[in-house]
Amino acid sequence: MARTLDPRRLLLPGALATLVLAGALLGALGEATTDDLRQGDGLAELDHPVATWLSQHRTGWLTTIMRTITTLGSPLGVTITTGLVAAAVCWRARRLSPVLLAAIVLAGAELLETVTKHLVGRPRPPLSLRVPGVSASGFSFPSGHATLAAAGYGLIAVLLTRYAQRTAARTVVWAGAATAAAAVGFSRLYLGAHWLSDVLAGWLIGAAWLGLVLATTRPPGPPRNHAGPPAPVESSVHS
C-alpha cells in the first residue's frame, strides 16, 4: 500500500530528517570550508567580483523591482504564501496534513539556515556595496531568503502538481516555482545583502531539506472515491 501523509507519521520522520541533514551540514561545513568562506577562497573567489559588478550596473527601475521581490520573498512572505497554498490544499484534500507538512518544511529550513549561519559566522558584504536603505543584519552565510524560497516555493510546486493532470501544467508550475526562487536569490545579490556563495548555499540547503522531508512522506492529492467502480449494466435479449 502506498504511503499516505498521516500527521501522526510526520513528526518523527521530520525530526529525524532535520537531525540527519544538520549532521551532514556540520560535516560538510568543516574548518576548511569555513576558512575558505572567510578568506575568500574556492567558490568565494567569485563573491567580490560579482558583488562589485552588480553594484556598478544598477538602475532605478530594476532596483525598485528587486526591493519588491526581496520583500515578498522574505522568510515571512514565503511563510505566508506557502501557508495559504497549504491551507487551500488542506481544504481541497480534506486533510490537515498539508499544513503540518508546510510547518515542518519551513521550520526545518529556518532552523538549518540559522544553525549554519552561526556555525560559519561570515560577515555580510560591506555597506559600500549595498543599496541604500536595504536592511540586513546578522551573519551572511547562507542566505535566509534563498533557503526559505527554495524550500517554500518547491513545496508549493509539489502540492499543486498533485492536482495537475497535464504534463504542460506541471511544467508551468515547476517553472514558476524555480523562477520565483531564482528571483528572490538574485534580489539579495543585486541589493548587496549577500554574497554569491551565500545565495547558492541557501538554494542548496532549502532544496536538500525539502527533498529529505518528501522522501519520508507522500504529499496529499485529490480525495479518492472509495465507492468503487460502478457495477456493469446487465443486458437482456428478448426473443
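Our structure's up above, just so we're on the same page.
Reading the values: rules and limits
- Residues numbered from 1 in each chain as written.
- Predicted model: local features only at pLDDT ≥ 70, side-chain atom pairs only at ≥ 80, totals over all residues.
- Heavy atoms only, no water.
- Phe/Tyr/Trp six-rings, centres within 6.5 Å; stacked < 30°, edge-to-face > 60°.
- Helix = DSSP H or I, 4+ residues; strand = E, 2+ residues; numbered from the N terminus.
- Buried < 20%, exposed > 50% of the residue type's maximum accessible area, 1.4 Å probe, protein only.
- Lys NZ or Arg CZ within 6 Å of the ring centre and 35° of its normal.
- Patch = residues over 30% accessible without salt bridge, like charges linked within 9 Å, V, L, I, M, F, W, Y side chains within 5 Å.
- Areas by Shrake-Rupley, 256 points an atom, 1.4 Å probe, with all protein chains shown as cover.
- Salt bridge = Lys/Arg side-chain N within 4 Å of Asp/Glu carboxyl O.
- Core = buried A, V, L, I, M, F, W, Y, C linked by side-chain atoms within 4.5 Å.

**As for the packing of aromatic side chains**
And then number 1: According to the stated counting rule, one finds one aromatic pair in the structure shown.
And then number 2: With a centroid separation of 6.2 Å and an interplanar angle of 45°, the aromatic rings of Phe 186 and Tyr 190 are classed as tilted. Remark: Tyr 190 and Phe 186 occur in helix H8 (residues 167-190); sequence separation between them is four residues, near one turn of the helix.
And then number 3: According to the relative accessible area criterion, Tyr 190 is buried, its value standing at 1%.
And then number 4: The cationic tip of Arg 58 hangs over the ring face of Tyr 190; the distance from NZ or CZ to the ring centre is 5.8 Å.

**Structural notes on a nonpolar patch on the surface**
And then number 1: A surface patch of nonpolar side chains, about 330 Å² in accessible area, is lined by Leu 76, Ile 80 and Leu 84.
And then number 2: The residue Leu 76 is located in helix H5 (residues 75-93) in this model.
And then number 3: When its relative accessible area of 60% is taken as the criterion, Leu 76 is described as exposed.

**Observations concerning the nonpolar core**
And then number 1: Core analysis: the largest hydrophobic core is formed by 28 residues, its most contacted members being Leu 101, Val 105, Tyr 153, Leu 155, Leu 159, Trp 209 and Val 213.
And then number 2: Only H5, helix H6 (97-120), helix H7 (144-161), H8 and helix H9 (196-214) provide two or more residues apiece to this core.
And then number 3: With nine residues, H7 is the single largest residue contributor to this core.

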